[in-house]
Amino acid sequence: MGSDVLIIGSGSAGSIVANRLTADRSRRVTVLEAGARVTDPDMRRPDLWPFIHGRSYDWAYRTASQAGLAGSSLEWARGKGPGGSSLIHAMAHMRGCRADFQRWVEETGDARWSWDSLLPSFMRSETFSGGADAVHGGSGPLPVLLPGPDLSSPLVLDYLAAWEALGVPRIPDHNQGEMLGATPNSLTIRNGERVTVSDVYLDPVLERSNLSLHTGVVVHRLLFDHGRVRGVAVTIGDQHEVMEADEVILCGGSIGDPLLLMRSGVGDPRVLHAAGVETMLESPEVGTNLHDHLLGAGNLYSSQLPVPASQLQLSESMTYLSHRGLGETSGAADIVVGCVVGPSVSEALASEATQARPGESYTLLFGVTNPTSRGSLRISGPNIDDGPVIDPNYLDTAHDRQMFRLALEHARLVGGSKGLARWRRSEILPSSPAMTVAQADSFIARAAITHHHPVGTLRMSRLESAPVSPDLKFRGLEGLHVVDASVIPAITSGPVHAAVIAIAESFSASYPA
Ligand SMILES: Cc1cc2nc3c(=O)[nH]c(=O)nc-3n(C[C@H](O)[C@H](O)[C@H](O)COP(=O)(O)OP(=O)(O)OC[C@H]3O[C@@H](n4cnc5c(N)ncnc54)[C@H](O)[C@@H]3O)c2cc1C
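First things first, this report covers the structure right here in the doc. It should be emphasised that the depicted structure is a prediction, and the values quoted were computed from it without experimental measurement.

Calculation criteria
Residues numbered from 1 in each chain as written. Predicted model: local features only at pLDDT ≥ 70, side-chain atom pairs only at ≥ 80, totals over all residues. Heavy atoms only, no water. Axes fitted to C-alpha atoms, helices over the stretch in contact; angles between N-to-C directions. Helix = DSSP H or I, 4+ residues; strand = E, 2+ residues; numbered from the N terminus. Parallel < 35°, antiparallel > 145°, perpendicular 65-115°, else oblique. Left-handed = near helix turned anticlockwise from the far one by under 90°. Contact = heavy atoms within 4.5 Å. Nonpolar A, V, L, I, M, F, W, Y, C, P; charged D, E, K, R; others polar. 1 Å grid on protein atoms, 1.4 Å probe; cavity = no way out; pocket = protein on both sides within 12 Å on 5 of 7 lines; lining within 4 Å. Points joined across faces, edges and corners; volume = space filled by probe spheres on them. Buried < 20%, exposed > 50% of the residue type's maximum accessible area, 1.4 Å probe, protein only. Near = heavy atom within 4 Å. Polar contact = N/O pair within 3.5 Å; in protein donor to acceptor, adjacent residues only side chain to side chain. Areas by Shrake-Rupley, 256 points an atom, 1.4 Å probe, with all protein chains shown as cover.

1. Let's talk about the packing of helix H1 (residues 12-21) against helix H10 (residues 497-509)
For any two helices packed against each other, one specifies the inter-axial angle together with the distance between the axes.
Step number 1: One way to put it is that H1 packs onto H10 with a least axis distance of 9 Å and a crossing angle of 25°. The pairing of H1 with H10 is recorded here as roughly parallel in orientation. For the pair H1 and H10, the sense of crossing is right-handed. Listed contacts from H10 to Ser 12, Ala 13, Ile 16, Val 17, Arg 20 and Leu 21 of H1 are His 497, Val 500, Ile 501, Ala 504, Glu 505, Phe 507 and Ser 508.
Step number 2: Across the contact of H1 with H10, the residue classes break down as eight nonpolar, three polar and two charged.

Okay, structure coming up:
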């Protein structure tokens, strides 16, 4: 028997869409999820988040060799199972700033995507630890914790004060529409444990008779007739099956969705031909516009005070800054510097930081908030086991390289400041006090790690050439929507999870369009 709606993927967005759409009990919804339910207790521990990658609930992708990163390729974790990437993410909850969403409005021509228009969606999703007010929700599913001084590391409290002493404004949190300034990260943690989106949106409604969740089901292809989607081809164990529906909603994420479309014959004919897939629908921009945040890991210090273990998730405060000056309080963020309560070093720099141990060292991460480099991803063959070719094309533009150098300078500025003097024994990395542009670029290329925010591979736009329309319909196929990180046309300044949640809430509130 078919469903009214098939949702592909029960990750961050899929869990929300499944919850909201089944509130109407007359609508039958089936959710298909490739991964299994995760019971690993380590997944719950915020401080272990960097150490659970590569387990059975991680797709564990890797990028192609990156020219902008001295030829290295980066590990790309992606969650697999109910909860999706919220199973393994770093739990930072930052909506992004007004200027970020203004770019979405310009791209789509639709005011629905402004920060102010999305505010009800942000608020509906959360219960804020500081209580409900004009910008924070008090009764939504997702707990958002703004840590107080009792939970924050003393190192991070000094880090925040050090920025203030340098003239950076102190802001209450990252979720009030402006992000420039110093503040602890808001986190989706409750009672010391990670909370996944599935925990609070999907699992509580699984008893609804109009909702079915099938885990361990990999969707191979979309099936369509005369320009209308009618279902999907899946494997369950070794069995191939067809599942039919009136409508299909793609929530497979910014990697899973374009790969599924390409396997289905939807994409750039040259890419499909090279992979041995017959073109069913030309949609040349499928898989393009791939972009991500990079972080430099890092600007590393040995500490003269013992660095207490983090009670949170290690990376406790990201400070967003404008290239216009440290005292700026509104407008776009250009760079970010984050304080990690321990050593955080890229694979390429690991051999230069062997003396840095937890408890004895700390790191200032640095990065570019609005990168202009754009890459792409594609299938390498027609089958689910044919691995993707992922090329984010990092640091391709002069803008990104220049902003990255600025970010490194700012990390060293606060790292070497009086406010952190009682912690700082010495700067371990970079090892040279003064750097030429070439030396800084070379260091950055080796320090770079992903911040795990790939977006944009099915961008929404008013332009007919873009795969997805501003109301999240896939162009060229009736009965198909895309609702997840892949529709983001231009990345928000901070981590993207809150924006993905707002997309899913906003879509669900207006469904059916
Ligand atoms: C290690 C890591 C750290 C991060 N840290 C942060 C952070 O601190 N703050 C923040 O804001 N963001 C963070 N992010 C990013 C954020 O988690 C993601 O952007 C967000 O969860 C993406 O949501 P989504 O719904 O687009 O996709 P996902 O949550 O990835 O969900 C996609 C789901 O679809 C399933 N799927 C895919 N293909 C198929 C298929 N063919 N058949 C069936 N099922 C399929 C997948 O298994 C998965 O469950 C992090 C991400 C990672 C990986």
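2. Section: empty space enclosed by the protein
Step number 1: According to the stated counting rule, one finds two cavities of 30 Å³ or more in the structure shown.
Step number 2: The calculated volume of the largest cavity comes to roughly 100 Å³.
Step number 3: In terms of lining, the largest cavity is formed by 13 residues, of which the most central are Asp 292, Leu 294, Pro 371, Tyr 394 and Asp 400.
Step number 4: Of the residues belonging to the lining of the largest cavity, the class tally is seven nonpolar, four polar and two charged.
Step number 5: Taken together, His 293, Leu 294, Leu 295, Tyr 320, Val 336, Val 368, His 451, Ser 493, Gly 494 and Pro 495 make up the lining of the second largest cavity.

3. A look at the side chain of Ser 10
Step number 1: Mapped onto the elements of the fold, Ser 10 is located in the loop between strand S1 (3-8) and H1.
Step number 2: Accessibility expressed as a relative area gives 0% for Ser 10, which makes it buried.

4. Let's talk about the site of the ligand
Step number 1: Around the ligand, the structure places 37 residues, and the nearest of them are Ser 12, Glu 33, Ser 85, Ala 92 and His 497.
Step number 2: Within the contact set of the ligand, a nitrogen atom lies 3.0 Å away from a backbone nitrogen or oxygen of Val 219.
Step number 3: Calculation on the ligand without its partners gives an accessible area of 1000 Å², and the protein chains cover 98% of this total.
Step number 4: Within the residue set of the shell around the ligand, elements represented by two or more residues are H1, strand S2 (29-33), strand S10 (217-225), helix H6 (253-263) and H10.
Step number 5: Here the residues of the shell around the ligand sort into 17 nonpolar, 15 polar and five charged.

In short, shape yes, function no, at least from these values alone.
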